[in-house]
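Chain and residue survey
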2 protein chains.
Amino acid sequence: MFAIAPANERPHLSREQERLIAGKAAWIFAMAKSGQSVCPTICITRKAWEAVKDAKPGSSLHTSWIGVLFKLVPKGMEPPALVVRTAARAHMAGLARVRGKIEAPKKESDAANTAKPLGRAIDRAFDSYLHGTPVWTMDTGRDLSLEQIVLVQAAVAEKPIAILTRDLSTGELGPFSTTDKSQLHPFKNPMAAKQLCRRMDGVAGAHMICLVAEQNGELLFLSARPAQASISANLEAAIDRVSNGDWTPRKAVSAIDPAQLPQVLHPRLSGAKRVAALASGLGVSPGAASGAIVFSSEDASRYRARGKDCILVSVETGPSDIEGMQAAAGILTARGGITSHAAVIARVTGKPCVASVRSLSIDVDLQKVQIGEREILAGAEITIDGSTGEVYAGALPLTQPHIGGNLRTLLDWADGSRTIAVRTNVETEEAAKVALSFGAEGIGLARSEHMFFSTERMVALRRMIFSQNDHDRKQALDGLVEYQADDYARLFSTMDGLPITVRLFDPPLHEFLPRTEDELEDTASSLGIDTKRLRNRLERMAEVNPMLGHRGCRLAISHPEILDMQIRALVAGARAAIESNDTNVNLEIMVPFVSSAREVHWVRNKILQLMERLSVNQTDSFKFSIGTMIELPRAALRAHEIAKHVDFFSFGTNDLTQTTFGISRDDAPAFLATYQRRGLYDADPFVTIDKNGVGELIEIAIRRGKEANPDLKIGICGEHAGDPESLKYFASLDVDYVSCSPFRLPIARLALAQPER
Amino acid sequence: MFAIAPANERPHLSREQERLIAGKAAWIFAMAKSGQSVCPTICITRKAWEAVKDAKPGSSLHTSWIGVLFKLVPKGMEPPALVVRTAARAHMAGLARVRGKIEAPKKESDAANTAKPLGRAIDRAFDSYLHGTPVWTMDTGRDLSLEQIVLVQAAVAEKPIAILTRDLSTGELGPFSTTDKSQLHPFKNPMAAKQLCRRMDGVAGAHMICLVAEQNGELLFLSARPAQASISANLEAAIDRVSNGDWTPRKAVSAIDPAQLPQVLHPRLSGAKRVAALASGLGVSPGAASGAIVFSSEDASRYRARGKDCILVSVETGPSDIEGMQAAAGILTARGGITSHAAVIARVTGKPCVASVRSLSIDVDLQKVQIGEREILAGAEITIDGSTGEVYAGALPLTQPHIGGNLRTLLDWADGSRTIAVRTNVETEEAAKVALSFGAEGIGLARSEHMFFSTERMVALRRMIFSQNDHDRKQALDGLVEYQADDYARLFSTMDGLPITVRLFDPPLHEFLPRTEDELEDTASSLGIDTKRLRNRLERMAEVNPMLGHRGCRLAISHPEILDMQIRALVAGARAAIESNDTNVNLEIMVPFVSSAREVHWVRNKILQLMERLSVNQTDSFKFSIGTMIELPRAALRAHEIAKHVDFFSFGTNDLTQTTFGISRDDAPAFLATYQRRGLYDADPFVTIDKNGVGELIEIAIRRGKEANPDLKIGICGEHAGDPESLKYFASLDVDYVSCSPFRLPIARLALAQPER
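Read on for an overview of the structure. Note that this is a predicted model, so its numbers are computed, not measured.

Concerning the packing of helix α14 (residues 455–466) of chain B against helix α16 (residues 517–527) of chain B
Residues and elements named next belong to chain B. In the contact formed by α14 and α16, the axes pass within 10 Å of each other and the chain directions differ by 60°. Judged by the angle between their axes, α14 and α16 are oblique. Considering only the axes of α14 and α16, their crossing is right-handed. For the pair α14 and α16, the contacting residues are Val-459, Arg-462, Arg-463 and Phe-466 in the first and Glu-519, Thr-523, Ser-526 and Leu-527 in the second. Its residues assigned to classes, the contact of α14 with α16 comprises three nonpolar, two polar and three charged.

Shown next as structure tokens:
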């Protein structure tokens, strides 16, 4: 028991006493110590209180308690009425509310008497701790009940006022009203109030809600608690604290939670092509999103697993929808307002959300919705604008966000203390430009199969696969080379000299084959073969488990003509870029889905032979190297053998997670929610890397790989490379770069600059 | 240069000289040393021959050569005509044929003169070595050409006779004719010939073809080479050598190749239900087989991958069909005879084969065959009898082989020196009985889902999955418990007290759901629901990669009612067996497809709760334990955590191979043949365990598991447990048992008794 803000002096605590205070008590002490006028406050620990209650009046312990209580009495004044507060380390449900205007003990013997007002209030405050989260925990082995404290404070005459030290949306310095958040509170002495905010901000380094009172013309500080602010506000505050000298840039970098960044990286509806909205509701979480209509968390997860956007459409959401909301690109509800479950969760997760669309009705059984006048089937695309509350049919063009202002400043500081490079996963010129503006230092994963995503290329690819003679096949291959060469030339020119990792054709061939009856007939007639025979061949190519099938380097080995085509296209693209734009090309060819050194050796030899046949020599303007994805457990285990044949490893953490766990990402939604609900997984292993299992394989591979080839470069190119939690882990490994989608680059830049916590 | 069978004395070689001889030379020396009359023989190494050729007549080297040549001359006789032979360590194509009746050198200077007959013949013999398989090998770093030798032998007057020391089919002691193999050769002194055979057999410990000559009433041994014999012959010979004192039982056990055993374990057509044959041809490899008609290696491999039998049907086979022949249960060809490619490979691999069926015609394009009068589609089942040459429509009942005679003797000896137990993978009473007769010491894998393989059970299972209310579900579950309980009771009674590992429901649920339109309608009407709605639900249950989907313990966790049903059925079965047959039940419940300790912990707790609810106590007559499959890389890596919650590990090497390599066994045939042809795999990793990758995970798991739980029992239950090569590897690990299919038990018993070579 001791005074954290004595009435007549600056506080002074021993190190042991400082260790005992937390929460409100810590803020009160810090403010008092900083010179702020603070309402007199003392604190007592549970252990001390139990002892004091047992002590006889007149005993030295009892007398000490009286002494501490007297620290609440300003010199020459009567003991004031009292207020009792709990002061927990973190917010806990069920704690006793503040009990105010308790009369000061009349006699010394009343000071610890639980039948009297003060003693009763203190007892109740301690008792309320038991209603909170478990007090004794097996984990720490500490009896946390010993750390509980209760505050006794002098009551103030005027009604206390709650103010925000900063605006929760913009980060501007207060004092702002907590009821009408963007208004400054009308203090008699606004200067003193601003100073108090600045002081509190400096002391806490966080947005705070302070309880203050104007008393006798003086602004008294009573208590404070932290407030959740938007990322914009946190950024503004962080930059302000640095310019104010409270923080170093490094401190600012470490203070911002990278997981919050997606919230300032919202896409917006592009102004150009506005169409009429189907309906409108409340825009409750900003940003625009397009995607297929889904009705359940499971379906939303399936879409995400396939890399496709969806909009979760629901009458209203509840706790069971959280996985779906995280998986969806946006949320649309028929009911609920700005404080509805959907709105709150959408803002927390940074998803656009439109709520309260009255004209929306849902028929889950028939898998369709009515929006305004229109009936739309599940799976069809819609667009929502969470800023305006409007809903559109189809996928409207979105304007992507850019990095500027405070975020740019912070990321520049972050780059200063980051040692691991950030690259991006893109294939197109446009995406590469966005990535560069977001700070990409190279391309870590260009999925070459994406070069075939257009109808005419698809047809050419199919002609190659089914060609009946060498002449047809050669013609089809030459056509494919031409198409891709142009794409590569533009990609190389955009990245001018930065490293570009192109992964060889990876997916199972049959993914590119005709599916619908129409496509089948078109393909058959373009090949001049019988539809029935084509169907027969297709049926024989279908796979039971395509994820573990005839894909990756297995394709290059069984169909060397595809490898040949790809290398020719890369070389032609590089030459075109070098000749027409005077750019440098730094090409890294990546062999996917390798499980043994012999495979890499075989493919590498083929590539080198092709390069020789194409008269490619390594020059300053055209460098190339050959590496491999490590995405199968066996590749990680045999890394020492594989490393001898390659210049780099890039960990494909998605597939490595699939094979290590034996979980198909596409099929996981059927049980993942159950698993998380039953506590079997702490996190979705496809979002946050599994350090224990997948991580051990990564660590084994890095160690064995570098032992065999000390020059080996190491990258990470799975989607985990955009997850803050996973990035912290990758930063602890001996990796040279991570590669993520363009919009995740800011997250990676920030997370990799933060010291391991 | 030295005499290995001098004319006038017993041979004596230095250790260095003994090291130089191999092949024929070694057999000749051994026979001479054993006291057999051997035609005088000397040998010369390449190195010595080069030096002798260069040496001047009269030089000491030249003189030595003359001296060695004189060892060919019997005391007091003229130098005989000569014969020159190569003597390679193993058979090599292109070696010089024996050159006989070369006149002995007339003068000393002719002895090494390559223009003269003897010198020329020796030179040609050495030259011929260069045509064989590569002589210098990078692997050993030795110059093997230095080890080459040439033999010079006295010619005999009579034409040499080739005899078999033992019959190649039965193993009976010879001398048998090599042309009419089951006839004893009519020697003038049959006793001497039999003695020679016995002597050769003792010296070589293998079936040999000996070259002998009767000369002046004496039986002279000239040369010998090994002959390939059937496994029956090898068994007979091995048992005979032991009874004769040439071998110890341990030597016999180590001499038989376990890979040969399947050849004596042929199924036969059961006599009972004979139907008319469709056609007949030549029975060129014994045994009967049923299976679906396939036309290509790839299709055959697909069938095998799915655990289904097929018959490879072809006009005639060639080297590119070998994978298919190995994968098929039997081979049927339209052309070719007893020495055709199909016949030879079929006998080598122990597959039944019918060849030369004239009335067979194949239309690969239309995927059908004509056999006799009948047209049959690919995929339809036929039966072939490789002993009689007949072909039948449909799958006829087969009589399974049993173990008796020499094989039983050998396996009994093997069991005496085996420390690792052998169990079997069966689910039915009938299979369990076969397995017991084949030496099973328990069941290592009873796939509980096989209990649902009947129409009425399937319907009950579907009713449970789709039941709309608790009452329906309970009724369906109770029905399923009843069905299984009876099966389990009979299985437990059959195995009376031997350990029985029952794996909980493993495959994805949708495998058990209706597929055809008829099944769909039946199921919908039995459930009283709309067909369209049922189809909708089914589509949503379909999986992209079922192998990595909602299966294994994930089912038990998301559908605890299935686990509940299974435990109830096991307990009811055990109680019925104990009560009605007074048997003991030793039940091991195995949790499949685990990737984390929490999963095992969860399922184990559920099982223990159920056991308590069912009032099950461990007693002498009813013991149960709980273990897990280790079949995912993450399970192997986290073995130390998992081991704390289980009594045993059983390695599911099939799935562990699939996930470690990232290869779906079903889909592997599309590239596996290419991989083997390009030398990327030494062996199919689904046949022979991959020691380097999958093996490392197994070793990690055993080490970590036993460290955490020293009482942990370790088993192997993948199909690798029936592969001799893999068994040798498993024998080197700290495992308690292996478990394979019943017909592989003899292989496992023998392989596990053989010392690591």
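Considering the sheet that holds strand β14 (residues 310–314) of chain B
Within a sheet, adjacent strands bond to each other through the backbone by hydrogen bonds, running parallel or antiparallel. Residue and element names in this part refer to chain B. Strand order in the open sheet formed by eight strands is β11-β21-β20-β13-β14-β15-β16-β12, and the pairing between neighbours is mixed. Looking at which strands have only one partner, the edges of the open sheet turn out to be β11 (279–280) and β12 (282–285). Bridge analysis of strand β13 (residues 288–294) against strand β20 (residues 381–385) gives five bridges, and the strand direction is antiparallel. Bridged to Ser-290 within β20 is Thr-383.

Description of the packing of helix α13 (residues 429–437) of chain A against helix α15 (residues 470–495) of chain A
Residues and elements named next belong to chain A. Put simply, α13 and α15 touch, their axes get as near as 9 Å, and they point 15° apart. Looking at the two axes, α13 sits roughly parallel to α15. Relative to α15, the crossing made by α13 is right-handed. Across the interface between the two elements, Glu-429, Glu-430, Ala-432, Lys-433 and Leu-436 from α13 touch Arg-490, Leu-491, Thr-494 and Met-495 from α15. Of the residues assigned to the contact of α13 with α15, the class counts are four nonpolar, one polar and four charged.

Describing the pairing of strand β15 (residues 330–333) of chain A
Residue and element names in this part refer to chain A. With burial as the criterion, each face of β15 is covered, one bearing Gly-330 and Leu-332 and the other bearing Ile-331 and Thr-333. The pairing of strand β14 (residues 310–314) with β15 spans four bridges and is parallel. In the strand pairing of β15, Ile-311 is matched with Gly-330. The parallel pair β14 and β15 is bridged by helix α10 (residues 322–327), and the resulting crossover is right-handed.

Focus: the interface of chain A and chain B
Contact with chain A, which involves 55 residues of that partner, is made by 54 residues of chain B. Here chain A and chain B share an interface that buries about 5,000 Å² over both sides, 48% of which is from carbon and sulfur atoms. Between the two partners, chain A and chain B, sit eight salt bridges. Of all the secondary structure elements, the ones that give two or more residues to the side of chain A that touches chain B are α9 (297–305), α17 (531–541), α18 (553–558), α20 (597–613), α21 (633–637), α23 (653–661), α24 (669–677) and α25 (691–708) of chain A. Of the residues contributing to the side of chain A that touches chain B, the split by class is 20 nonpolar, 16 polar and 19 charged.

Overview of the side chain of Gln260(A)
Residue and element names in this part refer to chain A. Following the sequence through the fold, Gln-260 ends up in the loop between α8 (249–255) and β10 (268–269). At 2.9 Å, the side chain of Gln-260 forms a polar contact with the side chain of Asn-234. Setting aside anything within four residues of it in sequence, one finds Gln-260 in contact with Ala-229, Ser-230, Ile-231 and Asn-234.

A few points about the sheet that holds strand β9 (residues 218–226) of chain B
Residue and element names in this part refer to chain B. Spatially, β7-β6-β8-β9 is the arrangement adopted by the four strands of the open sheet, whose pairing is antiparallel. Single-partner strands in this sheet number two, and they are β7 (173–177) and β9. On average, adjacent strands in this sheet sit at an angle of 35° to one another, irrespective of strand direction. Alignment of strand β6 (residues 161–166) against β7, held across three bridges, turns out to be antiparallel. From the neighbouring strand, Leu-164 faces β7, where its bridge partner is Phe-176.

With respect to the relation of the copies chain A and chain B
It takes a turn of 179° to lay chain A on chain B, together with a shift of 0.1 Å along the axis; the resulting RMSD is 0.3 Å. Taken together, the rotation and translation describe the operation of a two-fold axis. Measuring from the rotation axis to each C-alpha of chain A, the shortest distance belongs to Asn545(A), at 2.1 Å.

Topic: the pattern of salt bridges
As enumerated under the stated definition, the model contains 88 salt bridges over all chains in all. Residue Asp487(B) is joined to Arg457(B) by a salt bridge in which the shortest nitrogen-to-oxygen separation is 2.5 Å. Taken together, the residues Asp487(B) in helix α15 (residues 470–495) and Arg457(B) in helix α14 connect sequence positions 30 residues apart. By the burial criterion, Asp487(B) is buried, and Arg457(B) matches it. Residue Arg638(B) pairs with Glu641(B) through a salt bridge whose shortest N-O separation is 2.7 Å. Residue class for Arg638(B) comes out buried when judged on its relative accessible area of 10%. Judged by its relative accessible area of 26%, Glu641(B) falls in the partly exposed class. In the salt-bridge network here, residues are joined through shared partners; they are Glu429(A), Lys433(A), Arg457(A), Asp486(A), Asp487(A) and Arg490(A).

Here we look at a negative patch on the surface
Residue and element names in this part refer to chain B. A cluster of acidic residues, Asp-518, Glu-519, Glu-521 and Asp-522, forms a negative patch on the protein surface. Note that Asp-518 resides in helix α16. According to the relative accessible area criterion, Asp-518 is exposed, its value standing at 56%.

What counts as what
- Residues numbered from 1 in each chain as written.
- Chains lettered and ligands numbered in written order.
- Predicted model: local features only at pLDDT ≥ 70, side-chain atom pairs only at ≥ 80, totals over all residues.
- Heavy atoms only, no water.
- Axes fitted to C-alpha atoms, helices over the stretch in contact; angles between N-to-C directions.
- Helix = DSSP H or I, 4+ residues; strand = E, 2+ residues; numbered from the N terminus.
- Parallel < 35°, antiparallel > 145°, perpendicular 65-115°, else oblique.
- Left-handed = near helix turned anticlockwise from the far one by under 90°.
- Contact = heavy atoms within 4.5 Å.
- Nonpolar A, V, L, I, M, F, W, Y, C, P; charged D, E, K, R; others polar.
- Pairing = 2+ DSSP bridges.
- Buried < 20%, exposed > 50% of the residue type's maximum accessible area, 1.4 Å probe, protein only.
- Right-handed = clockwise from strand over helix to strand, strands pointing away.
- Buried area = accessible area lost by both parts, 1.4 Å probe.
- Salt bridge = Lys/Arg side-chain N within 4 Å of Asp/Glu carboxyl O.
- Polar contact = N/O pair within 3.5 Å; in protein donor to acceptor, adjacent residues only side chain to side chain.
- Least-squares fit on C-alpha atoms with pLDDT ≥ 70 in both.
- Patch = residues over 30% accessible without salt bridge, like charges linked within 9 Å, V, L, I, M, F, W, Y side chains within 5 Å.
- Areas by Shrake-Rupley, 256 points an atom, 1.4 Å probe, with all protein chains shown as cover.
- Lys, Arg positive; Asp, Glu negative; His and termini not counted.
- Charge placed at Lys NZ, Arg CZ, Asp CG, Glu CD.

Nothing here speaks to function; it is geometry throughout.
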